[in-house]
Amino acid sequence: MSVPDLDPATDDRSFMEHALSLASRGRGHVSPNPMVGAVIVRDNQIVGRGWHRRIGGAHAEIEALRDAGDFARGATMYVTLEPCNHHGRTPPCTDAVLAAGIARVVVAVADPNPSVRGGGINVLRSHGLSVAEGPCEEAARELNRGFFTWARCGRPFITLKAAMTLDGRLSTHTGHSQWISGPASRRRAHLERAAHDAVLVGIGTALADNPRLDVRVDLPSEIDSPPRATHPSPRRIVLDSTCRLPLDAEMCGDSHRPPLLFTTARAPRERRLALTDRGVEVVEVALDSDGRVALAEVLPRLAPLGVTTLLVEGGGLVNASFLRERAADRVVSFVAPRVVGGTPALTPLGPVPVIRPSIDGEARADALRLARMRVEQLGDDLCIEGHLTW
């Protein structure tokens, strides 16, 4: 093995940040598996690096151990997620760590799966290894927010995105909605798409705007989550209870990333077949109590399809449905310095209340609240984002 490159970092946080940068290279998994990076350090030098490159392939710890070779004995391993201690597609990583003679392990965050959480850490400690937890925990959680949400809730991490006027309208009273926000906001919206596995709209938005739902900007280094190397545009998803999506819709023209359409038994058979012939993947689910596509059936199906982060760009009814189901984690709103007025104009949540009555029948007075707020000026617009606190 060649002489390892010197690294000036001397503390746990710096080495863990290096492991996180490796983990981000794993973007593109077609499964709910996390992005994980690992580095092995001996005498303040990085002697091994690895990351989880593909599903079924070697985990980050194994890659790093192979890279380090004999230098791993007596060294410290920094890994962004707790090493596994169970048989899955690959053997337990804890066995390989012990066999390699690693003396100390530093873990950014424990596995969120309740059935395995702490198992790997406990096994390593029981064999005499020193195990530290916590450096860069928040960054590790944010990198794998989709995996953590899937493990906790069985659904993707979901962002609701809207562009509106200062008086809270998505369109004018005549229904015109395009270009409410300025160029800087539209660019940011494309970066949001690139940072998510899929983008979802309702059939109302699909019919009104005929959106392509792709990424049409160069992707810079400052994007939060690196895009997929092969297909930077996310998967397109449409909620369409009666299969009204036009056969010539813009999103139907991409054979590499055909849209996924969730419909119901109300959809005519001929329309389903026509869309399928056009390359659209049509999936039937149950109706909800309002006669629409049941989100409770849609969301659990997404992670196995590679969707652990979902951007919702629907209209008011779709946004309200996600909130009523408590199926949203983050909100991003672009507010333009325009005022249009008009009672028929569309609003981000439509006329349906998003707060359900409590169990005892009394209405709750508090509105939904956002935490971890961030406000940024983009050209003439404001970008307001925050995380929902349920």
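Given the structure is predicted, the values throughout are model-derived calculations rather than measurements.

Criteria and thresholds
Residues numbered from 1 in each chain as written. Predicted model: local features only at pLDDT ≥ 70, side-chain atom pairs only at ≥ 80, totals over all residues. Heavy atoms only, no water. Buried < 20%, exposed > 50% of the residue type's maximum accessible area, 1.4 Å probe, protein only. Helix = DSSP H or I, 4+ residues; strand = E, 2+ residues; numbered from the N terminus. Contact = heavy atoms within 4.5 Å. Pairing = 2+ DSSP bridges. Axes fitted to C-alpha atoms, helices over the stretch in contact; angles between N-to-C directions. Arc of directions from axis to C-beta. Parallel < 35°, antiparallel > 145°, perpendicular 65-115°, else oblique. Left-handed = near helix turned anticlockwise from the far one by under 90°. Core = buried A, V, L, I, M, F, W, Y, C linked by side-chain atoms within 4.5 Å. Phe/Tyr/Trp six-rings, centres within 6.5 Å; stacked < 30°, edge-to-face > 60°. Lys NZ or Arg CZ within 6 Å of the ring centre and 35° of its normal. Salt bridge = Lys/Arg side-chain N within 4 Å of Asp/Glu carboxyl O.

Engineer: How should helix H6 (residues 145-153) be read in this particular structure?
Structural biologist: Structurally, the α-helix is built with 3.6 residues per turn, so residues lying three or four positions apart point the same way. Those residues of H6 lying buried are Arg145, Gly146, Phe147, Phe148 and Thr149. Elements in contact with the buried residues of H6: helix H5 (137-143), strand E6 (157-165), strand E11 (309-312) and strand E12 (330-336).

Engineer: Any chance you could explain the sheet that holds E6 here in plain terms?
Structural biologist: Sheet strands line up and pair through hydrogen bonds in the backbone, either parallel or antiparallel. In spatial order, the strands read E10-E9-E8-E7-E11-E6-E12-E14-E13; together these nine strands make up an open sheet with mixed pairing. Among the strands making up the open sheet, the edge pair consists of strand E10 (281-284) and strand E13 (370-378). Strand after strand, the sheet turns through a mean of 20° between neighbouring axes, direction not considered. Examined bridge by bridge, E6 and E11 share four bridges and lie parallel to one another. The residue of E11 that forms the bridge with Thr159 is Leu311.

Engineer: How should helix H3 (residues 93-100) be read in this particular structure?
Structural biologist: For H3, the full list of buried residues reads Cys93, Thr94, Val97 and Ala100. Around the axis of H3, the buried residues are gathered within 130° of arc, so they sit on the same side. On its buried face, H3 is in contact with helix H2 (60-68), strand E3 (76-79), strand E4 (104-107) and helix H4 (119-126). Remark: Gly101 follows H3 within two positions and exhibits a positive phi of approximately 80°.

Engineer: Help me understand the packing of H3 against H4 in this model?
Structural biologist: Two quantities define a packed helix pair, namely the angle between the helix axes and the distance between the axes. One way to put it is that H3 packs onto H4 with a least axis distance of 10 Å and a crossing angle of 25°. The orientation of H3 with respect to H4, classified from their angle, is roughly parallel. Between H3 and H4 lies a crossing of right-handed hand. Contacts between H3 and H4 involve Thr94, Val97 and Leu98 from the former and Gly120, Val123 and Leu124 from the latter.

Engineer: Just checking my understanding: could you explain the nonpolar core for this structure?
Structural biologist: Here is a general trend for soluble globular proteins: nonpolar side chains tend to be buried in one another's company. Core analysis: the biggest nonpolar cluster contains 43 residues, and Val39, Ile40, Leu65, Met77, Val97, Ile102 and Val105 have the highest contact counts within it. Among the elements that line this core, the one with the most residues is helix H1 (residues 12-23), at six residues. If we skip the residues at most four places from it in the chain, Val97 touches Leu65, Met77, Ile102, Val105, Leu124 and Leu129. In terms of nonpolar packing, the next biggest core, distinct from the first, is built from 25 residues, Ile237, Leu299, Leu302 and Val331 among them.

Engineer: Just to check I follow, could you spell out the packing of aromatic side chains for this structure?
Structural biologist: Ring pairs (aromatic) are described by centroid distance and by the angle formed between their planes. If you walk through the whole model with that rule in mind, you get three aromatic pairs. Arranged with centres 5.3 Å apart and planes meeting at 35°, the rings of Phe15 and Tyr78 form a pair that is tilted. Of this pair, Phe15 sits in helix H1 while Tyr78 sits in strand E3; the two residues are 63 residues apart in sequence, bridging distant segments of the chain. Judged by its relative accessible area of 1%, Phe15 is buried. We classify Tyr78 as buried; its relative accessible area is 4%. Taken together, Phe147, Phe148 and Trp150 form an aromatic cluster joined through their ring pairs. The side chain of Arg25 reaches across the aromatic face of Trp51, ending 4.7 Å from its centre.

Engineer: I tried to follow the pattern of salt bridges on my own but got confused; where do I start?
Structural biologist: Side chains that carry opposite charge are capable of pairing whenever their charged atoms lie near each other. For the structure shown, the criterion picks out 20 salt bridges. Two residues, Arg104 and Asp12, come together in a salt bridge whose shortest N-O distance is 2.8 Å. Residue Arg104 is found in strand E4, and its partner Asp12 is found in helix H1; the two are separated by 92 residues along the sequence. Overall, Arg104 belongs to the partly exposed group, its relative accessible area being 23%. Using a relative accessible area of 22% as the deciding quantity, one classes Asp12 as partly exposed. Here Glu284 makes a salt bridge to Arg272, at a shortest N to O gap of 2.5 Å.

Honestly, it's all geometry; don't read function into it.
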